[in-house]
Amino acid sequence: MSSKAFNSFQIAQAQFDKVAEYLGLDAATRELLRYPLREYHFAIPVRMDDGSMKIFRGFRVQHNDARGPGKGGIRFHPQETIDTVKALSMWMTWKCAVVDIPLGGAKGGVICDPHNLSQREQEQLCRGWIRQVVRNVGPVADVPAPDVMTNSQHMLWMLDEFERIMGGRFPGFITGKPVGMGGSLGRTEATGYGVVFTLREAMKELGIKAENTEASVQGLGNVSRYAIELYQQLGGKVIAVSCWDQTDQCSYTYRKMKGIDLQQLLSITDRFGGINKAKAQELGYEVLPGDAWMEQEVDILIPAAIENQLTGDNIGKISQRVKIIAEGANGPTTPEADVKIRERGILLIPDFLANAGGVTCSYFEQVQSNMNYFWSKEEVLGKLDMKMTAAYYAVSELARREKLYMRDAAYAIAIGRVAQACHDRGWV
Ligand code: GLU
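In this text the structure is predicted, and so the values were computed from the model without any measurement.

**Observations concerning the sheet that holds strand S8 (residues 250-255)**
If you trace the seven strands from one edge of the open sheet to the other, you get S9-S8-S7-S6-S10-S11-S12, paired in mixed fashion. Here the strands that pair on one side only, and so sit at the sheet edges, are strand S9 (286-289) and strand S12 (347-349). Ignoring which end each strand starts from, the neighbouring axes of this sheet average 20° apart. Two elements, S8 and S9, share four bridges in a ladder whose sense is antiparallel. When the bridges of S9 are listed, arginine 255 appears paired with glutamate 286.

Written out as structure tokens, the structure reads:
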């Protein structure tokens, strides 16, 4: 993965400024929306298994809640920074607005590497995170969810701590809970499937059939696994997938020209998400450098790992055959790369549209939790498909009508809605 330093918050602000200009927003609205409404920085003391005390740094950023309570995941990442969390909270605001769900944008993080923490230490970290922000979050204020390196178990510990302190049951406080403990069927699949719902519509618009396409994917986490699963079900062929190797501290691309077998790859993947290289080679995979995923001769690229992966420096390496880029990750493309993608006429499905399936299903989970009545998986995924498809066409129609880049069209819709809500409330 690229090592060059990019400031995601500056990128998010630059993207915002461009569209604010296009929309002709007044100065006060711009000033309000360029920054988060609130930021919390805190220390989380954890008693480690060896008896020592360790202090972790945690964050929660609430970018905007004009359209509803803040919503967004909590990341556990060794390189977490407040600027990344600020950018991600802003992207959450636009994400909820573009799919038109009544929620705002927030994001949280902890600087830590969960690979080096025992289950007990992770539990203490989750409970400690809640203790520090308990007064500033809640079902009607700000609703967290899983994100990079956090999962349903972390969410349940956080919910339990929140409920202990508040005294009561508040299942609508957090989403991404385990199924049977207030979680929604389909939540695990939702982000990856959502990427492919939008990709399916993009292929239709370009008049190409999934079974005649090949794709290359970056990432082997929750988003990419389900994106690969559904894309393959539609008949598409994934020839390469790149993922992080914890032991070597770098990523590799695993390529099989006949098409990867997802279940087989997962069966040789360790609990940290790293693939066993020797076994992969035995099974006929070529092991290539981490960046090779983007250089493959394919029709579709799905960056579904982390931010700032397609940059001005490497975008020239992508094949002339690429027709669609579906951004499963948040912020995988820098503005310099955007310019090139646009010039090449590639159909880009921007991150906060493509990966909005996760938060949309979180919204369904919240609704079900609050009703204490749960839907079938078919019902959840059917509703998800409808929301994602409608959002995709709203963006693509605006892009066509106004000759806008897809990212700018998605921003125009989202920022317009949020600005209107701020205005209607009398904030600006
Ligand atoms: N972390 C996911 C995202 O970036 C989901 C957030 C949520 O469900 O609230 O969209």
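**So, the packing of helix H1 (residues 8-23) against helix H14 (residues 406-424)**
Running from amino to carboxyl end, H1 crosses H14 at an angle of 70°, the nearest separation of the two axes being 9 Å. When the axes of H1 and H14 are compared, the pair comes out roughly perpendicular. Counting all contacts with H1, which are made through Gln15, Phe16, Lys18, Val19, Tyr22 and Leu23, the residues of H14 involved are Arg407, Asp408, Tyr411, Ala412, Ile415 and Gly416. Its residues assigned to classes, the contact of H1 with H14 shows seven nonpolar, two polar and three charged.

**A few points about the packing of helix H6 (residues 187-206) against helix H7 (residues 222-233)**
Two numbers describe how H6 lies on H7: the axes approach to 7 Å, and their chain directions differ by 50°. For the element pair H6 / H7, the angle class is oblique. In the crossing of H6 with H7, the sense of the turn from one axis to the other is right-handed. Contact with H6, carried on its side by Thr188, Glu189, Thr191, Gly192, Tyr193, Val195, Val196, Phe197 and Leu199, involves Asn222, Val223, Tyr226, Ala227, Glu229, Leu230, Tyr231 and Gln233 of H7 and no other residues of that element. Its residues assigned to classes, the contact of H6 with H7 comprises 10 nonpolar, five polar and two charged.

**Focus: the nonpolar core**
Nonpolar side chains in soluble globular proteins generally cluster together in the buried interior. In terms of nonpolar packing, the biggest core is built from 86 residues, with Trp94, Val98 and Ile349 touching the most fellow members. The element best represented in this core is H14, accounting for 12 residues. What isoleucine 349 contacts, discounting residues up to four positions off in sequence, is Thr198, Leu199, Ala202, Ile324, Ile325, Ala326, Glu327, Ala354 and Tyr392. Membership of the second largest hydrophobic core comes to 24 residues, among which are Leu117, Met158, Phe173 and Ile174.

**A short note on the packing of aromatic side chains**
Within this structure, the stated rule accounts for 12 aromatic pairs. Taking 4.7 Å as the distance between ring centres and 50° as the angle between the ring planes, the aromatic pair formed by phenylalanine 352 and tyrosine 411 counts as tilted. With a gap of 59 residues between them, phenylalanine 352 in helix H11 (residues 351-354) and tyrosine 411 in helix H14 connect regions that are remote in the sequence. With centroids separated by 5.3 Å and ring planes inclined at 90°, the aromatic side chains of tyrosine 392 and tyrosine 393 adopt a geometry described as edge-to-face. Relative accessible area serves as the criterion here: at 0%, tyrosine 392 is assigned to the buried category. Three or more aromatic residues joined by ring pairs form one cluster here, namely Phe16, Trp94, Phe352 and Tyr411. One residue, lysine 256, lies across the ring of tyrosine 285, its end atom 4.5 Å from the ring centre. The aromatic ring of tryptophan 375 is capped on one face by lysine 383, whose charged end is 4.4 Å from the ring centroid.

**Thoughts on H6**
For H6, spanning 20 residues, the distance from its first C-alpha to its last is 29 Å, which sits close to the expected 28 Å at 1.5 Å a residue. Remark: the principal bend of H6, roughly 35°, maps to tyrosine 193. Here H6 lies mainly inside the structure; 15 of its 20 residues are buried. A positive phi of about 70° marks glycine 207, the residue just after H6.

**A word on the environment of glutamate 379**
Examined against the element boundaries, glutamate 379 turns out to sit in helix H13 (residues 377-402). Separated by 302 residues in sequence, glutamate 379 and histidine 77 place their C-alpha atoms 34 Å apart.

**Quick notes on the environment of glutamine 153**
Inspection of the secondary structure assignment puts glutamine 153 in helix H5 (residues 152-166). Along the backbone, glutamine 153 and valine 61 are 92 residues apart, and their C-alpha atoms lie at a distance of 22 Å.

**Some remarks on the sheet that holds strand S5 (residues 142-146)**
A sheet is described by the order of its strands in space; here five strands give the open sequence S1-S2-S4-S3-S5, paired in mixed fashion. In this open sheet, the two strands that pair with only one neighbour each are strand S1 (38-47) and S5. Here the strands of the sheet are splayed against their neighbours by 25° on average, with no regard to which way each runs. Relative to strand S4 (residues 105-111), strand S2 (residues 53-64) runs antiparallel, the two sharing six bridges. What sits directly across from glutamine 62, in S4, is alanine 106.

Criteria and thresholds
Residues numbered from 1 in each chain as written. Predicted model: local features only at pLDDT ≥ 70, side-chain atom pairs only at ≥ 80, totals over all residues. Heavy atoms only, no water. Pairing = 2+ DSSP bridges. Helix = DSSP H or I, 4+ residues; strand = E, 2+ residues; numbered from the N terminus. Axes fitted to C-alpha atoms, helices over the stretch in contact; angles between N-to-C directions. Parallel < 35°, antiparallel > 145°, perpendicular 65-115°, else oblique. Contact = heavy atoms within 4.5 Å. Nonpolar A, V, L, I, M, F, W, Y, C, P; charged D, E, K, R; others polar. Left-handed = near helix turned anticlockwise from the far one by under 90°. Core = buried A, V, L, I, M, F, W, Y, C linked by side-chain atoms within 4.5 Å. Buried < 20%, exposed > 50% of the residue type's maximum accessible area, 1.4 Å probe, protein only. Phe/Tyr/Trp six-rings, centres within 6.5 Å; stacked < 30°, edge-to-face > 60°. Lys NZ or Arg CZ within 6 Å of the ring centre and 35° of its normal. Expected span 1.5 Å × (residues − 1). Bend = angle between axes of the 7 residues up to and from the residue.

Any functional reading would require information that these geometric values do not contain.
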